[in-house]
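Below are the chains, spelled out letter by letter.
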Amino acid sequence: MTAVTAVTANLPPPRIAVVGSLNMDLVLQVQHAPGPGETVLADALLLVPGGKGGNQAVACARQGAQVFLFGRVGDDGYGHTLRAGLDADGIDHRGVQTDTEVTTGVAAITVETTGQNRIVVVPGANGRFMLNAEALRGSVQGAGGLVLQLEIPMSQVLAAADVAHAAGCPVLLNPSPIQPLPDALWPLVNILVVNEVEAAALAGQSVATPADAAQVAQALRSKGPAQVVVTLGAAGAVAADATGCRYHPGLVVQAVDTTAAGDTFLGALAVALARGEPLDAAVRDGIRASALCVTQPGAQPSIPARAAVAHSPQPPAWSPL
Ligand code: RIB
């Protein structure tokens, strides 16, 4: 073991808070997704724990962080199963509320043989999440990051970002599913992580190449976030900060299911940054983790552990843009 590894191993795990959705994913494995008016037969139906908040919490926990999750599930079998999964990953889910009137969120997902997915979410209890600001304040004090997405009400995303910002905790936002962001949210976000579709929607211009992504990333930085990462699927990612933009090529893998690849990327990136790694090293961790994720079916079962990421291939060298 090198001296650097020995020192890192002795550091306490970074603490990360996640505020977001929990869904039970109903995964339909199909040869091809149905077009308008078309009926297709599925090869299999799988019930898999998911939801962007839950997935990102699991991704952070499997990268070695101590994770506090805030969300809302129904008082039903799906909700109980999701909590059991969080327990298995050592995630503190005392901040996950139980709604006795509305059922747990559900996502209907078709996954084609190419690994391409299509997702429709029924928010259920996620849509009635109400932030306990006092409890979140306790979790973000001295934490390495607050991770947010957009499958809960925007008012609660804004409130959570406000609490973390006031506590001096970095706010990471993954604006998915994409929707217009309130002006008040932009200055509260430190690190914005978007895919090419979300980047294009936020910036109002298309993103087809790493150069496009760099241009859009800088435009988004001017709205508030000091660091912006645009993921480009199998093509890798573009990282932008005050020093400029870098293109990080992706890893070539055989994808079977891309579900939760973005969540896995974000979790690995968040934990690396919370450990004090530079942005480019954190992006490389994200690329390695998400490359492993897409080789396995389902959301949370496909999210890799830290050891697997550490033993996986390194992405090709990055280049300035
Ligand atoms: O990001 C993947 C997730 O999106 C799925 O697990 C599904 O639940 C939806 O929230």
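Before any of the text, the structure's been laid out above.
Chains are numbered independently. Their residues run from 1 in the order of the written sequence. Only residues with pLDDT of at least 70 are given local features in this predicted model, and only at 80 or more are side-chain atom pairs given and counted; all residues enter the totals for whole chains, interfaces and linings. In computing side-chain values, all of the structure's heavy atoms are included and hydrogens and water are not.

J.: Explain the site of the ligand to me, please; I cannot follow it from the model alone.
T.: Residues are counted as near a molecule or strand when any one of their heavy atoms sits within 4 Å of it. The immediate surroundings of the ligand are formed by 13 residues, with Asp-25, Gly-51, Lys-52, Glu-151 and Asp-263 found nearest. Contacts described as polar in this section are N or O atom pairs within 3.5 Å, which, within protein, must combine one atom able to donate a hydrogen with one able to accept it, while residues neighboring in sequence count only if both atoms come from side chains. Contact between the ligand and Asp-25: an oxygen atom at 2.6 Å from a side-chain N or O atom of the residue. Here an oxygen atom of the ligand sits 2.8 Å away from a polar atom, N or O, in the side chain of Lys-52. A cavity, in this analysis, means grid points on a 1 Å lattice covering only the protein atoms where a 1.4 Å probe fits yet has no way out; a pocket is instead an open set bounded by protein on both sides within 12 Å along at least five of seven lines, and a residue lines either one if it has an atom within 4 Å of a point. A pocket or cavity is taken to hold a molecule when more than half of that molecule's atoms are within 2 Å of the pocket's grid points. The pocket occupied by the ligand, as judged from atoms lying within 2 Å of grid points, is the largest pocket. Under the scheme used here, helices are H or I runs from DSSP no shorter than 4 residues and strands are E runs no shorter than 2 residues, and both carry numbers assigned from the N terminus. The set of elements that each furnish at least two residues to the shell around the ligand consists of strand E2 (23–30), helix H2 (52–62) and strand E7 (117–122). Gly is placed with the polar residues, together with every amino acid not listed as nonpolar (Ala, Val, Leu, Ile, Met, Phe, Trp, Tyr, Cys and Pro) or charged (Asp, Glu, Lys and Arg). Across the shell around the ligand, the residue classes tally to 5 nonpolar, 4 polar and 4 charged.

J.: When you look at helix H6 (residues 196–203) in this model, what are you seeing that I'm missing?
T.: Among the residues of H6, Glu-198, Ala-199, Ala-200 and Leu-202 are the ones counted as buried. Against strand E10 (191–195), helix H7 (210–221) and strand E11 (227–231) lie the buried residues of H6. The residue sitting at the N-terminus of H6 and contributing the capping side-chain oxygen is Asn-195; that oxygen lies 3.0 Å from the backbone nitrogen of Val-197. Working definition: with a 1.4 Å probe on protein chains only, accessible area under 20% of the residue-type maximum means buried, over 50% means exposed, and in between means partly exposed. Residue contacts are counted whenever heavy atoms from the two residues lie within 4.5 Å of one another.

J.: What am I meant to see in the sheet that holds strand E14 (residues 319–320) here?
T.: Two modes of strand pairing occur in sheets, parallel and antiparallel, and in both the strands are linked by backbone hydrogen bonds. Spatial ordering of the open sheet is given by E5-E4-E1-E8-E9-E10-E11-E12-E13-E14, a layout of 10 strands whose pairing is mixed. Each end of this open sheet is capped by a strand with a single partner; those strands are strand E5 (92–99) and E14. The axes are straight lines fitted to the C-alpha atoms, using for helices just the contacting stretch, and the angles between their N-to-C directions are given from 0 to 180°. Relative to the sheet, helix H4 (residues 133–140) contacts strand E1 (15–19), strand E4 (66–74) and strand E8 (145–148), its axis offset from that of E1 by approximately 150°. Strand contacts of helix H8 (residues 261–274): E1, E8, strand E9 (171–173), E10, E11 and strand E12 (237–241), with the helix running at about 160° to E10, the strand carrying the most contacts. Whether two strands pair depends on DSSP finding at least two bridges between them.

J.: Quick question: what am I supposed to make of H7 here?
T.: An α-helix turns once every 3.6 residues. As a result, residues three or four positions apart point the same way. Every helix has an expected span of 1.5 Å times one less than the residues it contains. Taking 1.5 Å per residue as the helical rise, H7 with its 12 residues ought to reach 16 Å, and the 16 Å between its terminal C-alpha atoms agrees with that figure. Three or more residues of H7 are buried, namely Ala-213, Ala-214, Val-216, Ala-217 and Leu-220.

J.: Would you mind going over the nonpolar core with me for this structure?
T.: Side chains that are nonpolar tend, in soluble globular proteins, to be buried together. Definition used in this section: a nonpolar core is a set of buried Ala, Val, Leu, Ile, Met, Phe, Trp, Tyr and Cys residues joined via side-chain atoms within 4.5 Å. Formed by 45 residues in total, the largest nonpolar core has its most connected members in Val-19, Leu-136, Leu-146, Leu-148, Leu-173 and Leu-192. Excluding residues within four positions of it along the chain, Leu-173 makes contact with Leu-148, Gln-149, Leu-150, Val-157, Leu-181, Leu-185, Val-189, Ile-191, Leu-192 and Val-193. In this structure, Ile-91, Leu-266, Val-271 and Leu-273 belong to the second largest nonpolar core, which totals 38 residues.

J.: Sorry, what's going on with the environment of Pro-316 here?
T.: Turning to its location among the elements, Pro-316 is positioned in the loop between helix H10 (306–310) and E14. Once the C-alpha coordinates of Pro-316 and Pro-49 are considered, the two residues, 267 residues apart in sequence, prove to be 32 Å apart.

J.: Please clarify how the environment of Ala-289 should be interpreted in this entry.
T.: Within the secondary structure, Ala-289 sits in helix H9 (residues 279–293). Accessibility expressed as a relative area gives 0% for Ala-289, which makes it buried. C-alpha separation for the pair Ala-289 and Ala-261, spaced 28 residues apart in sequence, amounts to 8.2 Å. Contact partners of Ala-289, with chain neighbours within four places excluded, come to Thr-264, Ala-268, Pro-304 and Val-309.

J.: Looking at this model, I keep getting lost on the side chain of Thr-264. Mind explaining?
T.: Positionally, Thr-264 belongs in helix H8. Excluding anything up to four places from it in sequence, Thr-264 contacts Ala-59, Ala-289, Ser-290, Cys-293, Ile-303 and Pro-304.

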